[in-house]
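Report on the structure
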Amino acid sequence: MITPTTSSITLIDRMQHILARAGLRRSRFRIRPGLYALGDPNSNSQVFVTANYGLSFDTLRSALSNIDCYILVLDTKGINVWCAAGKGTFGTEELIRRIGEVKLKDHVTHDILILPQLGASGVAAHEIERRTGFKVEYGPVRANDILQYLQNHAATPNMRRVTFNFMDRLILIPVELTHVFLPTIILMALLYFLSGPIPALTVPLVVIAGLLVFPLLIPWIPTPNFSTKGFLLGSMVAVPLFLLALISFPPAIWWKKLGVALPYLLIVPSLVAFITLNYTGATPFTSKSGVKREIFAFFPIMFWMFLAGVFIGTLFRFIR
Amino acid sequence: MIGRSKKSKYLETTLKYDATLCTGCGMCSTVCPHGVFVQKDGIAQLARPTACMECGACALNCAVRAISVDAGTGCATAQMIASLKGSKEPTCGSGCC
Ligand code: SF4
Ligand code: SF4
């Protein structure tokens, strides 16, 4: 069975894209796996392969405007191509199964499949050819380069590179912020009643530093890895808070003042660094072994700094 | 074989390439999203090994197995969750990407 589709993106599609980008209702944004006909394809038409995440499918079909072709949608459990390839759901086995299930050989006479390049970490092209007879061709990384790619089925080096520029990072911010919105509010309220306004103020500042300022400034923070970038950024937030706490704490006994203010210098940088360390998952260039080394090197520091800060903070809450 | 430096945590990689096996098919430079391989003199050459993010695409698509890499996710969250759960291979959770 072939499902007809078009390359036009409707208002409803756009609404869904916005929700998906904001990290809301993403799990429902799936399309049915199978073979789709875009326009009026015949047995010579190209076959494009994609994931059953709505945003992946819509990006592909809208990039293929005025092209009659087939789109083969794999069951990636509603996950985009790259992440699914990493998990293996956009993978060799699923592609082979899907080719058989839609009886692709009955619909086309050629033997070319065009896959997105980022699907390559899940698919072994030579295995597909050996087991199905179809030759895998890896198209460009970005769907908007497809028309240019189709002119002679070749990609320029730039079309083969992933980018992580300012816009790419900007577009990721809403997802991250929606994830932490509720916990932030709850924690703020809790800290306000437990320890007062400055501790409560710390929560949104940490979130803003880690999830909004950090992603935008990644290339310009002058240290080589995510944790140290986070420590640096966190310190810039912590110092004003430290001074604020020093000034606003009334008794003039210096060590009590210090005891109340010091936790900011310990807790804020370690929390921001923890957030930025976790940001590695959102970037397209950190490696497994690199992240592993970073966790080993810096997580213990974050952990003990945080613990020391909480300990000193609690202690001075009672002796002041 | 690969440039090693202590300067950055990300300059070391598990990527290994055996040029004697290479047939020059060009697949690795096609699939790599970071331009790690280029084709020169009829075989693949490592042009930017330190840019490797260990996605595994080149190794998986090299029919003669000239490339090996310890592929996996460069996501700290996934790795920490995996070590908490005691599972060997970190993968992204369902709520993630
Ligand atoms: S994929 Fe393998 S055989 Fe082909 S060029 Fe790369 S290293 Fe050589
Ligand atoms: S593992 Fe991925 S990033 Fe590293 S060289 Fe291979 S294709 Fe490129």
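Summarised in this report is the structure supplied together with it.

Concerning the overall build of chain A
Counting its regular elements, chain A contains 12 helices and six strands. Here the C-alpha atoms of chain A give a radius of gyration of 25 Å, more than 25% beyond the 20 Å that 2.2 N^0.38 yields for 320 residues. Projected onto its principal axes, the C-alpha coordinates of chain A cover approximately 85 × 40 × 30 Å. Buried residues in chain A amount to 49% of all 320 residues. Summed over all atoms, the accessible surface of chain A reaches about 15,600 Å², with 68% contributed by carbon and sulfur. Taken together, the 29 basic and 17 acidic charged side chains of chain A have centroids lying 15 Å from each other.

Observations regarding the packing of aromatic side chains
Residue and element names in this part refer to chain A. Applying the stated criterion to the full structure yields 13 aromatic pairs over all chains. Relative to Phe299, the ring of Phe274 lies with its centre 5.9 Å away and its plane at 50 degrees, an arrangement referred to as tilted. Of this pair, Phe274 sits in helix H11 (residues 254–278) while Phe299 sits in helix H12 (residues 288–319), placing them 25 residues apart in sequence. Feature note: the residues Phe164, Phe214, Phe226, Tyr279 and Phe285 constitute an aromatic cluster, connected by ring pairs. The ring of Phe164 carries the charged tip of Arg169 above its face, separated from the ring centre by 6.0 Å.

Focus on helix H9 (residues 197–217) of chain A
For H9 of chain A, built from 21 residues, the straight-helix expectation of 30 Å at 1.5 Å per residue is met to within 8% by its first-to-last C-alpha distance of 28 Å. Bending of H9 of chain A peaks at approximately 35 degrees at the position of Ala209 of chain A.

With respect to the environment of Phe285 of chain A
Within the secondary structure layout, Phe285 of chain A lies in the loop between H11 and H12. Among the residues examined, Phe285 of chain A registers a relative accessible area of 33% and is labelled partly exposed. Placed 79 residues apart in sequence, Phe285 of chain A and Val206 of chain A show a C-alpha to C-alpha distance of 24 Å. Filtering out sequence-adjacent residues up to four positions away, Phe285 of chain A remains in contact with Phe164 and Phe226 of chain A together with His34 and Met53 of chain B.

With respect to the site of ligand 1
Of all residues adjacent to ligand 1, which total 14 residues, the nearest are Cys22, Cys25, Gly26, Cys28 and Cys62 of chain B. Residues belonging to the shell around ligand 1 are distributed by class as follows: 10 nonpolar, four polar and no charged.

Structural notes on the site of ligand 2
Taken together, Leu15, Cys32, Pro33, Val36, Phe37, Cys52, Met53, Glu54, Cys55, Gly56, Ala57 and Cys58 of chain B are the residues near ligand 2. Taken together, the residues of the shell around ligand 2 sort by class into 10 nonpolar, one polar and one charged.

Here we look at the packing of H11 of chain A against H12 of chain A
Residues and elements named next belong to chain A. Contact geometry of H11 with H12 gives a least axis separation of 8 Å together with a crossing angle of 150 degrees. It follows that H11 is roughly antiparallel to H12 by the angle criterion. Of the two possible hands of crossing, H11 and H12 adopt the one that is left-handed. In terms of residue class, the contact of H11 with H12 is built from 22 nonpolar, four polar and two charged.

Side note on the interface of chain B and chain A
Each partner contributes residues to the interface: chain B has 41 residues there, and chain A has 42 residues. Approximately 3,300 Å² of surface area, both sides summed, lies buried where chain B meets chain A, with 58% of it carried by carbon and sulfur atoms. Remark: the boundary between chain B and chain A carries one salt bridge. Among the ionic pairs, Asp70 of chain B bridges to Lys288 of chain A, the shortest N-O distance being 3.0 Å. Where chain B packs against chain A, one counts 18 residue pairs in polar contact (both at pLDDT 80 or more). Counting residues per element, the ones that place at least two in the side of chain B that touches chain A are helix H1 (27–31), helix H2 (57–61) and helix H3 (76–85) of chain B. Each residue belonging to the side of chain B that touches chain A can be placed in one class, and the counts come to 19 nonpolar, 15 polar and seven charged.

Some points on the nonpolar core
Ranked by internal contacts, the top residues of the largest apolar core, which has 47 residues, are Phe90, Leu95 and Leu113 of chain A. Ranked by residue count, the leading element in this core is helix H3 (residues 81–87) of chain A, at four residues.

Describing the pattern of salt bridges
Residues and elements named next belong to chain A. Counted according to the given criterion, the structure contains 13 salt bridges over all chains. In this structure, Lys77 and Asp75 form a salt bridge, with 3.6 Å as the shortest nitrogen-oxygen distance. By relative accessible area, Lys77 is classed as partly exposed at 47%. Asp75 sits in the partly exposed class, given a relative accessible area of 22%.

A look at the pairing of strand E2 (residues 34–38) of chain A
All names here are of chain A. Burial analysis of E2 places five of its five residues in the buried class, the great majority of the element. Across four bridges, strand E1 (residues 2–5) lies against E2 in parallel orientation. Bridging from a neighbouring strand, Pro4 pairs with Ala37 of E2. Of the pairings in the sheet, the one linking E2 to strand E4 (residues 69–74) comprises five bridges and is antiparallel in character. In the sheet register, Leu38 faces E4, and the bridge partner there is Cys69.

Brief notes about a nonpolar patch on the surface
Residue and element names in this part refer to chain A. Among the surface-exposed residues, Ile253, Trp254, Trp255, Leu258, Phe311, Leu315, Phe318 and Ile319 lie close enough to one another that they form a single nonpolar patch of about 900 Å² accessible area. Secondary structure elements with two or more residues in the nonpolar patch: H11 and H12. Counting residues per element, the nonpolar patch draws most heavily on H12, at four residues. Among the secondary structure elements, Leu258 is positioned in helix H11. Note on Leu258: relative accessible area 34%, which makes it partly exposed.

Rules used throughout
Residues numbered from 1 in each chain as written. Chains lettered and ligands numbered in written order. Predicted model: local features only at pLDDT ≥ 70, side-chain atom pairs only at ≥ 80, totals over all residues. Heavy atoms only, no water. Helix = DSSP H or I, 4+ residues; strand = E, 2+ residues; numbered from the N terminus. Rg over C-alpha atoms; globule rule 2.2 N^0.38 Å. Buried < 20%, exposed > 50% of the residue type's maximum accessible area, 1.4 Å probe, protein only. Areas by Shrake-Rupley, 256 points an atom, 1.4 Å probe, with all protein chains shown as cover. Lys, Arg positive; Asp, Glu negative; His and termini not counted. Charge placed at Lys NZ, Arg CZ, Asp CG, Glu CD. Phe/Tyr/Trp six-rings, centres within 6.5 Å; stacked < 30°, edge-to-face > 60°. Lys NZ or Arg CZ within 6 Å of the ring centre and 35° of its normal. Expected span 1.5 Å × (residues − 1). Bend = angle between axes of the 7 residues up to and from the residue. Contact = heavy atoms within 4.5 Å. Near = heavy atom within 4 Å. Nonpolar A, V, L, I, M, F, W, Y, C, P; charged D, E, K, R; others polar. Axes fitted to C-alpha atoms, helices over the stretch in contact; angles between N-to-C directions. Parallel < 35°, antiparallel > 145°, perpendicular 65-115°, else oblique. Left-handed = near helix turned anticlockwise from the far one by under 90°. Buried area = accessible area lost by both parts, 1.4 Å probe. Salt bridge = Lys/Arg side-chain N within 4 Å of Asp/Glu carboxyl O. Polar contact = N/O pair within 3.5 Å; in protein donor to acceptor, adjacent residues only side chain to side chain. Core = buried A, V, L, I, M, F, W, Y, C linked by side-chain atoms within 4.5 Å. Pairing = 2+ DSSP bridges. Patch = residues over 30% accessible without salt bridge, like charges linked within 9 Å, V, L, I, M, F, W, Y side chains within 5 Å.

Keep in mind that these numbers describe shape and distance, not what the molecule does.
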